[in-house]
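Listed below are the residues making up each chain.
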Amino acid sequence: PAISDLFEPGSIFKPIVVSMALDANAIDSNYICTQCDRPHVIGKYSIGNWDNETHPNSSLQDIIKNSDNIGMSYIIGKLGQKKFLDYYQKLGLNQKTGIDLQGEAKPTVKTEWPEIDLATASFGQGIVVTQINMLQSFNTIANDGILVKPKVADYLTEDNKIIKSKNQSETKVFNSDTIQEIKSI
C-alpha cells in the first residue's frame, strides 16, 4: 500500500507548502495572516478550520501549530499556481519515485486548477500521492533541501558487506535558509 495506494495527504502537506513559499520568497519568516480571523471565501466556497475556530493575526508558527487551513490558503495564494506546480514537480509528487519495488502507482495531477483547488491543496486536499511520494518530499526537509530518490535497501555482496547504490539520485529543491526556517517552525 505504501507504493501502490493513492491518498490525500491532508495536513502533513502543510510544512511542504510553507517551505515552497519561503523558498520562493512569496512570504518571509515574519509572515502574519491578518485575514485568519474569519473563513477565507473563494467564490461560493468558504475555507475554515476543522474545529470552526479562527486564529487572528497568526504567525507561520501559529499556522503550523494550529493546523490552520485558512492561513495555509492565503500562503499558497501568495505562492501562486505556477510556483506551486514547479515545486510539486521538483519534489517528484507528479510521478513515480522509481523505488526498487514492483507495482508503484503514479500520482495523478490536475490539468485545471481553479482558485479553490489551489487553496485546498495548501492543506493536502484535492491532491493524491503515494505514501512513498510523501515521504520522499518530506525528507527533503531532513536532507537539507535535497530530494533523494528512495530505495528499499543498500545492496549486499555475497559476504554480506553493504554496498551503496552508485546511481543514487539527488536534487536540490530548497535552499539551506529555507530548511533552517521550516525546522525552527
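See the structure above.
What counts, and where the lines are drawn
- Residues numbered from 1 in each chain as written.
- Predicted model: local features only at pLDDT ≥ 70, side-chain atom pairs only at ≥ 80, totals over all residues.
- Heavy atoms only, no water.
- Buried < 20%, exposed > 50% of the residue type's maximum accessible area, 1.4 Å probe, protein only.
- Helix = DSSP H or I, 4+ residues; strand = E, 2+ residues; numbered from the N terminus.
- Contact = heavy atoms within 4.5 Å.
- Salt bridge = Lys/Arg side-chain N within 4 Å of Asp/Glu carboxyl O.
- Disulfide = S-S within 2.5 Å.
- Core = buried A, V, L, I, M, F, W, Y, C linked by side-chain atoms within 4.5 Å.

Chemist: Before we go on, may I ask you to explain helix α1 (residues 14–23) in this structure?
Modeler: Each turn of an α-helix holds 3.6 residues, which means side chains three or four residues apart point in the same direction. Among the 10 residues that make up α1, 10 are buried, leaving the element largely enclosed by the rest of the structure. If you check which residues of α1 are buried, you get K14, P15, I16, V17, V18, S19, M20, A21, L22 and D23. Where α1 is buried, its residues touch α2 (60–65), α3 (69–79), α4 (81–90), α5 (115–121), α6 (131–142) and α7 (176–184). Backbone geometry just after α1 places N25 at a positive phi near 60 degrees.

Chemist: Whenever I open this one, unusual backbone geometry confuses me. Can you help?
Modeler: The phi torsion of most residues other than glycine is negative, and most of the peptide bonds are trans. Not every positive phi belongs to a glycine, and N25 is a case in point at roughly 60 degrees. For N25, the position within the fold is in the loop between α1 and β2 (32–33). Notably, N52 is not glycine yet its phi reads approximately 60 degrees, a positive angle. Among the secondary structure elements, N52 is positioned in the loop between β4 (45–47) and β5 (58–59).

Chemist: Is there a simple way to think about the pattern of salt bridges in this case?
Modeler: Opposite charge on two side chains makes pairing possible when the charged atoms of those side chains draw close. Enumeration according to the criterion identifies 4 salt bridges in this entry. Here K65 ties to D62 by a salt bridge, and the two come within 3.7 Å at their closest N and O atoms. With K65 and D62 both in helix α2, this residue pair falls 3 residues apart, about one helical turn. Given the relative accessible area of 63%, K65 is considered exposed. Residue D62 is classed as partly exposed on the basis of its relative accessible area of 25%. Between D86 and K82 there is a salt bridge, with its nearest N and O atoms 3.2 Å apart. Note that D86 and K82 are positioned in helix α4 at a spacing of 4 residues, about one turn of the helix.

Chemist: Can you walk me through the state of the cysteines in this structure?
Modeler: Covalent bonding between the sulfur atoms of two cysteines defines a disulfide. This structure, assessed with the given rule, holds 1 disulfide. Between the sulfur atoms of C33 and its disulfide mate C36 the distance is 2.2 Å. On the sign convention where negative means left-handed, the S-S torsion of about 95 degrees between C33 and C36 marks this disulfide as right-handed. Using a relative accessible area of 0% as the deciding quantity, one classes C33 as buried. Residue C36 is classed as buried on the basis of its relative accessible area, which comes to 0%.

Chemist: Explain the nonpolar core to me, please; I cannot follow it from the model alone.
Modeler: Grouped burial of nonpolar side chains is what soluble globular proteins tend to show. Formed by 37 residues in total, the largest nonpolar core has its most connected members in F13, M20, Y31, I75, F84 and L91. Put simply, the parts of the chain that give this core at least two residues each are α1, α2, α3, α4, α5, α6 and α7. Setting aside its immediate chain neighbours within four residues, Y31 contacts S58, S59, L60, I63, Y74, I75 and K78. By size, the runner-up hydrophobic cluster in this structure holds 5 residues, among which are I42, I116, A119 and F123.

Remember that the coordinates give geometry; whether it matters functionally is a separate question.
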